[in-house]
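In case you want the letters, here they are:
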Amino acid sequence: MSICDYLGVELEYVVWALAGAVALLLLILIINLCMIGSLKKKYKKFMGDTDAKALEEKIEERLEQLNDLVESHYTNKEKIEKLESHMNVTFQKIGLVKYDAFNEMGGKLSFSLALLNEKDDGFVINAMHSREGCYTYIKEIIAGKSVIVLASEEKEALEMALNYK
């Protein structure tokens, strides 16, 4: 008595099932060979004409460059933070009005210059030119306001500075 008789299966069906399994395994083998070929191409492209030692040296070199970049990043970050802290007290807003103070000289040689920081603190300089000389005045500005009364040209320069973009 054969195993086919024992299981109640005909020999022909067993042969066809085994042939199908072999065909399936051949298909899987071909797919794996193609994938291995593709992987070998990628490996050769990655490695180039170098050996593992040279590749290790390249990786170490890149890591050193990366460490340098991280170091310079922190240095730049500190410098940027320092610059930002200084920006609060630097003059960022400007207003300038030129005018003829005494209607006698022409050329609008007199001027009012407003310089303000981020918090609208600063000053207005007023320089009035005449035939006898030049008179210069400065008025302090705190939070966009002056304690001393401003002339119309000074007000105009201050408004220009306050609206400076």
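In this text the structure is predicted, and so the values were computed from the model without any measurement. (Residues numbered from 1 in each chain as written. Predicted model: local features only at pLDDT ≥ 70, side-chain atom pairs only at ≥ 80, totals over all residues. Heavy atoms only, no water.)

(A) Fine view of helix α2 (residues 11-47). Compared with an ideal rise of 1.5 Å per residue, which puts 37 residues at 54 Å, α2 spans 53 Å between its outermost C-alpha atoms and is within 8% of the ideal. Burial analysis of α2 places just 1 of its 37 residues in the buried class, which makes it a mostly uncovered element. Taken from the residues just after α2, Gly 48 is the one with a positive phi, measuring 65°. (Helix = DSSP H or I, 4+ residues; strand = E, 2+ residues; numbered from the N terminus. Expected span 1.5 Å × (residues − 1). Buried < 20%, exposed > 50% of the residue type's maximum accessible area, 1.4 Å probe, protein only.)

(B) Structural detail: the sheet that holds strand β2 (residues 110-116). Sheet architecture is open: 5 strands sit in the order β1-β2-β3-β4-β5, paired in antiparallel fashion. This sheet does not close on itself; its edge strands, each paired only once, are β1 (93-99) and β5 (145-146). Relative to β5, strand β4 (residues 134-142) is paired through 2 bridges, and the arrangement is antiparallel. Counted as the bridge partner of Ile 142 is Lys 145 from β5. (Pairing = 2+ DSSP bridges.)

(C) Here's a closer look at unusual backbone geometry. Here the phi dihedral of Asp 120 falls at roughly 65°; this positive angle occurs in a residue that is not glycine. Residue position: Asp 120 is located in the loop between β2 and β3 (122-129). Within the chain, Ala 143 stands out as a residue other than glycine whose phi angle is a positive 55°. Residue position: Ala 143 is located in the loop between β4 and β5.

(D) How the structure looks around the pairing of β1. A one-sided burial pattern is seen for β1, the buried positions being Lys 93, Gly 95, Val 97 and Tyr 99 and the unburied ones Ile 94, Leu 96 and Lys 98. Inspection of the sheet shows β1 paired to β2 by 7 bridges, in the antiparallel sense. When the bridges of β2 are listed, Lys 98 appears paired with Phe 111.

(E) Highlighting the pattern of salt bridges. All chains considered together, the criterion is met by 2 salt bridges. Between Lys 93 and Asp 120 there is a salt bridge, with the nearest N and O atoms lying 2.6 Å from each other. Within this pair, whereas Lys 93 is found in strand β1, its partner Asp 120 is found in the loop between β2 and β3, the two being separated by 27 residues in sequence. Of the two residues, Lys 93 and Asp 120, neither departs from the other in class, the shared state being buried. Of the charged contacts, one joins Glu 154 and Lys 139 as a salt bridge, the two residues approaching to 2.8 Å between their closest N and O atoms. Residue Glu 154 is located in helix α4 (residues 152-162), and its partner Lys 139 is located in strand β4; the two are separated by 15 residues in the primary sequence. Neither residue differs from the other here; Glu 154 and Lys 139 are each classed as buried. (Salt bridge = Lys/Arg side-chain N within 4 Å of Asp/Glu carboxyl O.)

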